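# Analysis of the macromolecular model
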Amino acid sequence: MNLRLPILEIRNLKACIDNNEILKNLNLTVNYGEIHAIMGPNGSGKSTFSKVIAGHPAYEVSSGEILFKGSSILDLDSEERSHLGIFLAFQYPIEIPGVSNEDFLRLAYNSKQKFYGKPEVDPIEFFSLINKKLELVNMSPVFLSRNVNEGFSGGEKKRNEILQMILLESELSILDETDSGLDIDALKIISNGINNFMGSNKAIILITHYQRLLDYVKPDYVHVMYDGKIIKTGNSELAKELEIKGYKWLK
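Residues numbered from 1 in each chain as written. Predicted model: local features only at pLDDT ≥ 70, side-chain atom pairs only at ≥ 80, totals over all residues. Heavy atoms only, no water.

Looking up the chain in an unreviewed UniProt entry gives the name Iron-sulfur cluster formation ABC transporter, with the organism given as Roundia cardiophora.

What follows is the structure in structure tokens.
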């Protein structure tokens, strides 16, 4: 019997940006060891949902609650939420000219080490650590010397996001359209990285438009979001039904 609290509870959440309400009484519970997929048409609030959970400052929560491991995180900024174990992989990862991937990843790792009162690692120690993680996403160590995402292909950028997730040992990972723009080989590599990372002490939320990702990363639940709230929940068969029928039959 699992007596642990859900890793994430969202209760009657309303959120807006520039006084435009986007999330409208959203409810969701995610337990440890679960993979949830969120699907829905453009403009339904999926990306807003991911950014609100991660603490993006542009979005304002007007009512409702977000509980992470039983405690409210509404008053925490994005950095604190990240240190606690929440990770957001962006739909469009940004480039950071002049900052090497190795420095960026090491600083992120050491920042979390410092938050938990653990010793920081020097560049030599980090290189040994990150090399083991690179294998999980089929990335060459050459990527470490390149600037963050600069000149990366779409697949390389997405693999870099998954590498960050693995390195930081995130407990709740929200992957916003990680499959967007990937060819089949890149999709398989990223899916393998996600599956190898997933475990009973973690949870993953996949935001996607397409059922094909769910052929490789099997969700426990599939939710359909429309007009800022979840209007239907099912298993992986629901994603296949959506692939055939679209969303109009649910509206």
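Next comes the rest of the write-up.
Strands belonging to one sheet form pairs held by backbone hydrogen bonds; the direction of such a pair is parallel or antiparallel. Read from one edge to the other, the open sheet built from six strands follows the order S6-S9-S10-S3-S11-S12, with strand pairing classed as mixed. What marks the edges here is a single partner per strand, and that holds for strand S6 (86-89) and strand S12 (229-234). Strand-to-strand twist in this sheet, taken as the mean axis angle between neighbours without regard to direction, amounts to 20 degrees. In the packing of helix H6 (residues 154-167) onto the sheet, contacts are made with S6 and strand S9 (172-176), and the angle to S6 comes to roughly 175 degrees. Helix H8 (residues 236-245) rests against strand S3 (35-39), strand S11 (221-226) and S12 of the sheet, and its axis sits at about 45 degrees to S11. (Pairing = 2+ DSSP bridges. Helix = DSSP H or I, 4+ residues; strand = E, 2+ residues; numbered from the N terminus. Axes fitted to C-alpha atoms, helices over the stretch in contact; angles between N-to-C directions. Contact = heavy atoms within 4.5 Å.)

Turning our eyes to something else, we now look at the nonpolar core. Ile130, Ile162, Leu175, Leu206 and Leu214 are the most contacted members of the largest nonpolar core, which totals 42 residues. Not counting the four nearest positions on each side in its chain, Ile130 is found in contact with Leu105, Leu144, Leu163 and Leu167. Formed by 27 residues, the second largest nonpolar core is a distinct cluster that contains Val30, Ile38, Ile53 and Ile174. (Core = buried A, V, L, I, M, F, W, Y, C linked by side-chain atoms within 4.5 Å. Buried < 20%, exposed > 50% of the residue type's maximum accessible area, 1.4 Å probe, protein only.)

Counted according to the given criterion, the structure contains nine salt bridges. In this structure, the salt-bridge partner of Lys24 is Asp227, at a minimum N-O distance of 2.9 Å. Of the two residues, Lys24 is situated in strand S2 (residues 20-30) and Asp227 in the loop between S11 and S12; the sequence distance between them amounts to 203 residues. We classify Asp227 as partly exposed; its relative accessible area is 36%. Where salt bridges share partners, they join Lys24, Asp227 and Lys229 into one cluster. (Salt bridge = Lys/Arg side-chain N within 4 Å of Asp/Glu carboxyl O.)

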